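What the coordinates show
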Amino acid sequence: MFPVTQGTTFLGYRIFRTHRLLKRENVRRFERRLKGLQRDHGRGAISVKRVGQSVRSWIANACYADTYGLRRRLLGGVTFQRGQVERARGSGRLVALSS
C-alpha cells in the first residue's frame, strides 16, 4: 500500500486523485527523440512531414495528462532548419548554422 499523495503508475502516466502526469522517463525519452529529429532533419536525413508525424504523435499521447506547461516548455523554442547542425557550446541544444 502507498499513500494516495504518491499517485499510482499506470500505462506511462502517474495518476493522482486530482490529475495525471506523464512519467519522467517518457518526457526524457521524448527530449532525446526531439534532439535526434532536429539533428536528422538538419542533415537532410528525414523530411518535415516525418518530424511533424513524430511530434504530433507524442503530443496526442501527452494530451491525456496535464501537460500544457510541459508541452510549451519542450516545444516552445524548437526550430527545424536544413543545413549544417552542431551543438551550441554549454547549452546542450542543437543549433542549425546557415551556410
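Whatever comes next refers back to the structure up there.
Residues numbered from 1 in each chain as written. Predicted model: local features only at pLDDT ≥ 70, side-chain atom pairs only at ≥ 80, totals over all residues. Heavy atoms only, no water.

1. Some points on the overall build of the protein
Here is the rule we go by: For the purposes of this entry, the term helix denotes a DSSP run of H or I that reaches at least four residues, the term strand denotes a run of E that reaches at least two, and both are numbered from the N terminus. For every accessible area listed, the method is Shrake-Rupley and the probe measures 1.4 Å; residues are considered covered only by the protein chains on display.
Looking only at helices and strands, one finds 3 helices and 5 strands in the protein. The helix and strand sequence of the protein, counted from the amino end, reads β-β-β-α-α-α-β-β. Split by element, the accessible area of the protein, about 7,400 Å² in all, is 51% carbon and sulfur.

2. As for the packing of helix H2 (residues 48-62) against helix H3 (residues 68-75)
For the record, the criterion: To get an axis, fit a line to the C-alpha atoms, keeping to the stretch in contact for a helix; angles then go from 0 to 180 degrees between the N-to-C directions. Any angle that falls under 35 degrees is termed roughly parallel, while one over 145 is termed roughly antiparallel, one within 65 to 115 roughly perpendicular, and all others oblique. Helix crossings get a hand from a simple test, with the near helix turned counterclockwise from the far one by less than a right angle marking a left-handed crossing and a clockwise turn marking a right-handed one. Contacts are assigned to residue pairs that have any heavy atoms within 4.5 Å of one another. Residues are grouped as follows: Ala, Val, Leu, Ile, Met, Phe, Trp, Tyr, Cys and Pro are nonpolar; Asp, Glu, Lys and Arg are charged; all remaining types, including Gly, are polar.
Running from N to C, H2 and H3 cross one another at 160°; their axes reach a closest spacing of 10 Å. When the axes of H2 and H3 are compared, the pair comes out roughly antiparallel. Like other packed secondary-structure pairs, H2 and H3 cross with a definite hand, here right-handed. Note on element contacts: H3 touches H2 through Leu70, Arg71, Leu74 and Leu75, opposite Val55, Trp58, Ile59 and Ala62. The residue inventory of the contact of H2 with H3, partitioned by class, reads 7 nonpolar, no polar and 1 charged.

3. Considering unusual backbone geometry
Generally, phi is negative for residues other than glycine and the peptide bonds are trans, each holding for most cases. Not every positive phi belongs to a glycine, and leucine 11 is a case in point at roughly 50°. Checked against the element boundaries, leucine 11 lands in the loop between strand E1 (8-10) and strand E2 (13-15).

4. Some remarks on the nonpolar core
Definition in use: The criterion is simple. A nonpolar core is a set of buried Ala, Val, Leu, Ile, Met, Phe, Trp, Tyr and Cys residues joined through side-chain atoms within 4.5 Å. Residue exposure (1.4 Å probe, protein chains only): buried if accessible area is under 20% of the type maximum, exposed if over 50%, otherwise partly exposed.
Core analysis: the biggest nonpolar cluster contains 15 residues, and Leu22, Trp58, Leu70 and Leu74 have the highest contact counts within it. Of all elements in the fold, only helix H1 (24-43), H2 and H3 reach the threshold of two or more residues within this core.

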